[in-house]
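Residue-level structure breakdown
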Amino acid sequence: MLKRLALVCLAAWAFAGVAEAKELSNRLGVGVKSHATLDLPELAVVYNPSSELQVTGGLGIDTQKDQSKFVVNAGVRRIVFKEQNMNFYMGGTLGLVNWEESDGTTSKKQSGFELDAVFGGEFFFTGLDSLAFTFEGGAGVISADDVRFRTIADSPFRAGIIFYF
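In this report, we go over the structure that sits alongside the text. (Residues numbered from 1 in each chain as written. Predicted model: local features only at pLDDT ≥ 70, side-chain atom pairs only at ≥ 80, totals over all residues. Heavy atoms only, no water.)

Describing the pairing of strand 3 (residues 53-62)
What counts, and what does not: By definition, two strands form a pair when at least two bridges between them are found by DSSP. Strands here are runs of E lasting at least two residues and helices are runs of H or I lasting at least four, both read from the DSSP assignment and numbered beginning at the N terminus.
Bridge analysis of strand 2 (residues 40-48) against strand 3 gives five bridges, and the strand direction is antiparallel. Residue pairing in the sheet places valine 45 in a bridge with glycine 57 of strand 3. Connecting strand 2 to the antiparallel partner strand 3 that follows it, the hairpin turn spans four residues. Taken together, the 10 bridges between strand 3 and strand 4 (residues 69-82) define a ladder with antiparallel strand orientation. Considered in strand 4, the bridge of threonine 56 is made with glycine 75. Count of turn residues in the strand 3/strand 4 antiparallel hairpin: six residues, of which aspartate 66 carries a positive phi of about 65°.

Set out below in structure tokens:
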């Protein structure tokens, strides 16, 4: 069942048609988003080598004593559907994560990798063609001391904001 779902998602990603919408080819975007797993704000970059492909990256750091967090990730997205002011995409991210948990007396650090399959969108207000509000959902796995599977969902208050140059 899981293999079929993965094949359907891969086929939709690879063969989806693209309509006319925001032209982002060769544009670089920088901004902020929230890393859902560690609940950590990230600095984000998005580069559009073509009108259908996006390369993404993110970096989040919090050095709080006994509760530190770190994440760095990179991903690829394929725009599968375009509206006048919105691009819908599917893709994946791979990242390194590190966090520290403390109960007041003992502290435990965990490090590992994260792999996510995501779908999402970028919304543009009319007249603000360089400012995108993003949201994502999907599923992921984290391999640290234990392996953890989880779902991903951004609420409207956790949406990312990207400015395109």
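The rest of the description comes next.
A closer look at the packing of aromatic side chains
Convention followed: Under the pairing criterion, centres of Phe, Tyr and Trp rings, with the six-membered ring standing for Trp, must be within 6.5 Å; the plane angle then separates stacked pairs below 30 degrees from edge-to-face pairs above 60, leaving the rest tilted. To sort residues, take the accessible area from a 1.4 Å probe on protein chains only and compare it with the maximum for the residue type: under 20% means buried, over 50% means exposed, and anything in between is partly exposed. Over a ring means this: the NZ of a Lys or the CZ of an Arg is within 6 Å of the ring centre and within 35 degrees of the ring normal.
For the structure on display, the rule yields five aromatic pairs. Seen from their ring centres, phenylalanine 125 and phenylalanine 133 are 5.4 Å apart, and the 75° between their planes marks the pair as edge-to-face. Phenylalanine 133 sits in the partly exposed class, given a relative accessible area of 26%. Among the aromatic residues, ring-to-ring pairing joins Phe123, Phe125 and Phe133 into one connected group. Looking at arginine 77, its charged tip hangs above the ring of tyrosine 89, at a distance of 4.2 Å from the centre.

As for the pairing of strand 2
The side-chain alternation of strand 2 yields one buried face, formed by Leu40, Glu42, Ala44, Val46 and Asn48, and one unburied face, formed by Pro41, Leu43, Val45 and Tyr47. Of the strand pairs in this sheet, strand 1 (residues 27-35) and strand 2 are connected by nine bridges, and their pairing is antiparallel. Residue pairing for strand 2: serine 34 is matched across the bridge by proline 41. Turn length for the strand 1-strand 2 hairpin, with the two strands adjacent in sequence and antiparallel, is four residues, and the turn residue aspartate 39 shows positive phi of about 50°.

Some details on unusual backbone geometry
You will see that asparagine 26, though not glycine, has its phi angle at about 60°, which is positive. Inspection of the secondary structure puts asparagine 26 in the loop between helix 1 (2-15) and strand 1. Of note in the backbone geometry, aspartate 66 takes a positive phi value of approximately 65° without being a glycine. One can find aspartate 66 in the loop between strand 3 and strand 4. Residue classification places aspartate 66 among the partly exposed residues on the basis of a relative accessible area of 30%.

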